[in-house]
Every structure is written in C-alpha cells, then in structure tokens.
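What the coordinates show
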Amino acid sequence: MNIPENLLYTKDHEWARVEGKTAYVGITDYAQGSLGDITFVDLPKVGKALKQADPAAVVESVKAASDVYSPFSGTVLSVNPELASHPELVNKSCYEKGFFFVIQLDNEQEKAKLMDNNAYQVYLEGLSK
Amino acid sequence: MENQKTPLYSYHVALGAKMAPFGGWLMPIQYEGILAEHAHTRNQVSVFDICHMGEFILEADAFSSGFDRVVTQNITGMPPGTCRYGHMLNDKAGIIDDLIVYRLKEKSWMIVVNAATIRSDEDNLKNNLTGEFTFNNVSNITGKLDLQGPRSLEAIRGIFGSKVEMLSYYTFGEFDFSSQRCIISRTGYTGELGYEIYVPSEHVASLWARLLEDSRVKPAGLGCRDTLRLEMGYPLYGHDINLEYSPVSAGLDKFVDYSKDFIGKQALLKEKESGPKERLIYFKSDSRRSARHGFGIYSQSKRVGTVTSGSFSPSLGVSIGMGYIRGNHKIGDQLLIKEDNIEIPVVIVEKPFYSGARPN
C-alpha cells in the first residue's frame, strides 16, 4: 500500500497535498484499489465553495459510485481536466496524474483534523482487523 | 445466514480475488480487474467458477409428469443432446426463474437454474409434478465451470479431445475428465464462443487447475460476467426479470411456445393482446456515467420507468443499461436517467449493445 509521507489523509480515504494556501486533492491508493477499475469521475465546478467534509466529487467504478469529500473548507480553484477522458489515471497514478481538484484553503487550522501518513497507516490497519 | 462457498473458494483467495456475496454465495467478483477480464474474455478465453448455480436431474416423461407445463419452451420437441433456454412462470405469468433445460435422454432431463432461486425452483417443480417421476437436486454435488471466449475451443480441446468440436450451439455431449463423466454444452451468457462444463464437485478443483495451466486461459469473476451479459442485452434474474414481469414485458416472447399448454399461458396471452403495461428497453449514453439499478427513467420530465441494470460498457467505452418503461417509446427516442442530482441523457437502442461477439 502506497501512503506517501508528504500528504494528509481523511478517514474517507482522500489525500491532500498542501502547498501554501492551496491543496491538491485526490483519493488514496487504498481507495482506488478498493473501488477497482475507475470508469468515471464527476468533478466539482471551478469556483464552488466547499466546507470541510462536504461531498465534492463522485468517483464511479464498473460496479459502484462513491462520494469524494473535501478535506478542507475553501474554493475550488481548478480541476484535473484529464480525468474526463482518462479516469483510469486514478488507478494508475492516484497521488500524481490522478488528482481530482485544487482547493484554496479558507482555514489552515483544519489540517489538524487530518491524519499524517503514519496515522493513516494505523487507521487502515484498524479497518482490516 | 452465512454465505456458502464453492469448492474453489480457497483457490480464488490464493489468486487475490475480491470476494463478495452473490445469491447466498461468497463469489469472486474480480481478480486482475473487471475491465481486463472483460477484454480477455472478448479476445481470448476466460474461466468462470459457476458452481453456485443449481442443477436438478428429472427422470420423467415430460407430458405425463406435468414437466412440460412448467416450462415455457417447447421441450418435448428437443432431441436428446440439445439444450434450450426458457422460463418457469406463475399463474400470473410472472417469471419464477429463467433456466436451461438439457434433454439427457428421452425421459431424462437436467435443469440448470439460478443460485438464489434453487430452493423456490425446486418447490415449484415438485409442486407441479405428478405421476411417475424421480427428482434430484444435485446442486451440491455438481461443479460447473464456464469457459468463454473466442479461443475457448482451443483451450478445451486439449483436455477433452477433438470430439468437443462436434458440439454446435445449444447442444451438449458427455466427456471424461479423470475418469469422471462430465457434461459439456456449447452455451454461455457472454455472447462469445463458449462452453459450460458440469463435473462432479470433488473434481472441479483439478479441472480448474488444468484449465489454468493453459496460458491462454485466465480466471474471470462475476463482475465482468455481468458487463459481458449486459453488452449482449441478456437479462439477469432478480434485476431485469423477476416475479413482477412476464416474458412479454421482458421481450423474451421468442422463448415461449404458445402452441402448448403451460402455467401462466392465459395471463400471458391476455397481456400479449392488451399490450404489456411496462416493457424492457435498452438504452445507451454518450457519457461514461452509469445508470444504476433503481434510477428513474424520464421522458420530457415525466417519470416513465426504472433502470434494472446499468453499467459502463468496457467494449463500447460509454454507459449502457436496461429498464422497464410505460408508454409508446421507440428505438431512437431520447430519455433521461435521473437520480438525486445525477442526470444522464440516453437513447433507446436495439440489443445487443455490442455486436462483435463471435458465438459460432
């Protein structure tokens, strides 16, 4: 299981890479592996205001659809244009080419509510018990 | 109730399969991935563990036992060595199950039914059989593997011999595997050239291993079995057909022999005359977003029906589905699938969705 150390994680298996006052957001290796082949991603509109833990996107695999929640409150600055025609990038490169959107943070203090890589690793181990 | 496991359960787990409950059984949904397994079945050959399905052996004269009345198909016209797809109906013409009848001998039949309906099918058959007959539910001692794909003959010939080449579509024969009697039929539910192999359940693991020794053969799960059958427009019992719908509303009329007597015939004839209240349609989208079971189908903002099956089509790269609708809609009409804030424009199409399958 790939859990990069420079990212923050939610209990719903989103990751966030904070760069100053913005963050890249996607779903974790665990999430993409659980979903299987991803066939469609519904991304938020640029400019949309989100609260932390709001549903922000939908990811569909062959068998199921799942909500993706925003790790932060803020405004959607941009989305990954490649996912419309190549949703499989989420399977192939979930932390890089398969990111979902970039959000401008309203409140950097919200980082405290997320897990670092070690805490997420422990959280995943708890789920598998 | 705990889900049952097939004799191959530990083999699936060892291969890293994702297991999930299906019809009371814990079954492999996928190994490598649904899209890869789907493509491999369309291009090469895949083996599916179908041990969960039910098999009954009936020794009876079709007429005097009442068996002929239980099945919609013309079974008395079947030569031994052939099989036919058909339905069992209730008095209201609701579909109790879809099944395949194998005529083993003049008065000997194998009936293959869905996993979730084994018990109710057995009850229905026994309740309607009279006179002299012997009925055996052999589901627990019968293993079943489906080999599907354009190279399935190449894969099977090496194990069972060239006699297997004689099988034409919807016929079967008896073969040996490890000195065990097997039945192999030229059938399947993927649209591709394929075979269904019935083997005593204690030998199914060695057959599974033998098939996978062939580098052309890969294991495939129920996930891609579902996308394969959906691309062909084949209904899935419990989703696209059930007790609420008849073969007329499901468009499966061609599997009904109206020249004979069968349970549900009067209701079916009445429905045929008045036209079904709802009928099964096939729809396709330009979008990759999938309609799912239970989503609403709308025509000009009026709800006209419900989706029964929907998925991304691996072969077509867009979403496809089936559902029942009311009204006189025709091929080419635009409809809208809606659920919560999801809207998927679709167009009614003819089945099959995918026309590249090579069954013969």
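Residues numbered from 1 in each chain as written. Chains lettered and ligands numbered in written order. Predicted model: local features only at pLDDT ≥ 70, side-chain atom pairs only at ≥ 80, totals over all residues. Heavy atoms only, no water.

**A closer look at the packing of helix α5 (residues 152-160) of chain B against helix α6 (residues 204-213) of chain B**
All names here are of chain B. To be explicit about the condition: Lines are fitted to the C-alpha atoms to define the axes, a helix being fitted only along its stretch in contact, and any angle between axes, read from their N-to-C directions, falls within 0 to 180 degrees. Think of it this way: any DSSP run of H or I at least four residues long counts as a helix, any run of E at least two long counts as a strand, and we number them from the N terminus. Reported orientations rely on four angle classes, namely roughly parallel under 35 degrees, roughly antiparallel over 145, roughly perpendicular from 65 to 115, and oblique for the rest. Working rule for handedness: look at the near helix, and if it is turned counterclockwise from the far one by less than a right angle, call the crossing left-handed; if clockwise, right-handed. In what follows, a contact means two residues having at least one pair of non-hydrogen atoms within 4.5 Å. Gly counts as polar in this scheme, as do all residues outside two lists: the nonpolar Ala, Val, Leu, Ile, Met, Phe, Trp, Tyr, Cys and Pro, and the charged Asp, Glu, Lys and Arg.
Where α5 meets α6, the axes come as close as 10 Å, and the angle between the chain directions of the two elements is 125 degrees. The pairing of α5 with α6 is recorded here as oblique in orientation. Relative to α6, α5 is oriented so that their crossing is right-handed. On the side of α5, the interface is formed by G158, I159 and F160, while α6 contributes L207, R210 and L211. Class assignment of the residues belonging to the contact of α5 with α6 gives a composition of 4 nonpolar, 1 polar and 1 charged.

**Considerations on the packing of aromatic side chains**
All names here are of chain A. Counted only if it meets this: Aromatic rings from Phe, Tyr and Trp, with only the six-membered ring used for Trp, were paired whenever their centres fell within 6.5 Å, and each pair was classed as stacked if the ring planes differed by under 30 degrees, edge-to-face if by over 60, and tilted otherwise.
This structure, assessed with the given rule, holds 16 aromatic pairs over all chains. Ring geometry for Y24 and F99: centres 5.1 Å apart, planes at 70 degrees, overall edge-to-face. Of this pair, Y24 sits in strand β3 (residues 22-27) while F99 sits in the loop between α2 (89-92) and β9 (101-105), and the two are 75 residues apart along the sequence. Of the aromatic side chains, those joined through ring pairs into one cluster are Y9, Y120 and Y123.

**Describing the pairing of strand β4 (residues 45-49) of chain B**
Residues and elements named next belong to chain B. Test applied: Any residue under 20% of the maximum accessible area for its type is buried, any over 50% is exposed, and the rest in between are partly exposed; the area is computed with a 1.4 Å probe on protein chains only. Here, a strand pair is defined by DSSP locating no fewer than two bridges between the strands.
Counting buried positions over the 5 residues of β4 gives 5, a clear majority of the element. One ladder, built from 3 bridges, connects β4 with strand β14 (residues 217-219); its direction is parallel. Bridging from a neighbouring strand, V45 pairs with V217 of β14. Sheet analysis places β4 next to strand β10 (residues 142-148), joined by 4 bridges and oriented antiparallel. Looking at the pairing, V47 lines up with L147 of β10.

**Description of the side chain of T72 of chain B**
Inspection of the secondary structure puts T72 of chain B in the loop between α3 (67-70) and β6 (83-89). When neighbours within four sequence positions are excluded, T72 of chain B is seen to be in contact with G86, H87, L89, F255, V256, D257, K260 and F262 of chain B.

**Notes on the sheet that holds strand β8 (residues 74-79) of chain A**
Residues and elements named next belong to chain A. Across the sheet, which stays open at both edges, the 6 strands sit in the order β1-β2-β3-β9-β8-β5 with antiparallel pairing between neighbours. Since the sheet does not close on itself, it has two edges, and those belong to β1 (8-9) and β5 (49-50), each with one partner. Where strand β2 (residues 14-19) meets β3, 6 bridges bridge the pair, whose relative direction is antiparallel. Its bridge partner lying in β3, V18 is registered against A23.

**What about the packing of helix α2 (residues 34-43) of chain B against helix α7 (residues 222-232) of chain B?**
Residue and element names in this part refer to chain B. It is the contact of α2 with α7, at a shortest axis distance of 8 Å, that shows an interaxial angle of 55 degrees. Taken together, the axis directions place α2 and α7 in an arrangement best described as oblique. Crossing of α2 against α7: the hand is right-handed. Of the residues in α7, those in contact with I34, E37, H38, T41 and R42 of α2 are G223, C224, T227, L228, E231 and M232. In terms of residue class, the contact of α2 with α7 is made up of 4 nonpolar, 4 polar and 3 charged.

**Description of the interface of chain B and chain A**
As a reminder of what qualifies: Throughout, buried area stands for the accessible area (probe radius 1.4 Å) lost by two parts on being put together, summed over both. We define a salt bridge as a contact between a side-chain nitrogen of Lys or Arg and a carboxyl oxygen of Asp or Glu at a distance within 4 Å. Between N or O atoms, a polar contact is any pair within 3.5 Å; within protein, one atom must be a potential hydrogen donor and the other a potential acceptor, and residues adjacent in sequence are included only when both atoms are from side chains.
Contacts between the two partners involve 16 residues from chain B and, on the opposite side, 18 residues from chain A. Summing both sides of the interface, chain B and chain A together bury roughly 1200 Å²; the carbon and sulfur share of this comes to 45%. For the chain B face of the interface with chain A, the top three residues by lost area are R288, R289 and R292 of chain B, together amounting to 50%. At the boundary of chain B and chain A, one finds 4 salt bridges. With a closest N to O distance of 3.0 Å, D226 of chain B and K63 of chain A form a salt bridge. For the pair chain B and chain A, the number of links is 13 residue pairs in polar contact (both at pLDDT 80 or more). Contributing elements (two or more residues each) for the side of chain B that touches chain A: α2, α7 and β17 (302-312) of chain B.

**Topic: the layout of surface pockets**
Condition: Cavities and pockets were defined on a 1 Å grid built over protein atoms only: a cavity is a set of grid points that admits a 1.4 Å probe from which the probe cannot escape, a pocket is an open set flanked by protein on both sides within 12 Å along at least five of seven lines, and lining residues are those with an atom within 4 Å of any such point. Grid points are joined across faces, edges and corners, and a volume is the space filled by probe spheres set on the points.
Taken as a whole, the largest pocket spans an internal volume of roughly 1000 Å³. Among the elements of the structure, α1 (29-35) of chain A together with β2 (18-22), β3 (25-30), β7 (95-105), β8 (108-113), α7 and β17 of chain B are those that each provide at least two residues to the lining of the largest pocket. With 6 residues, α7 of chain B is the largest single contributor of residues to the lining of the largest pocket. By residue class, the composition of the lining of the largest pocket is 23 nonpolar, 16 polar and 9 charged.

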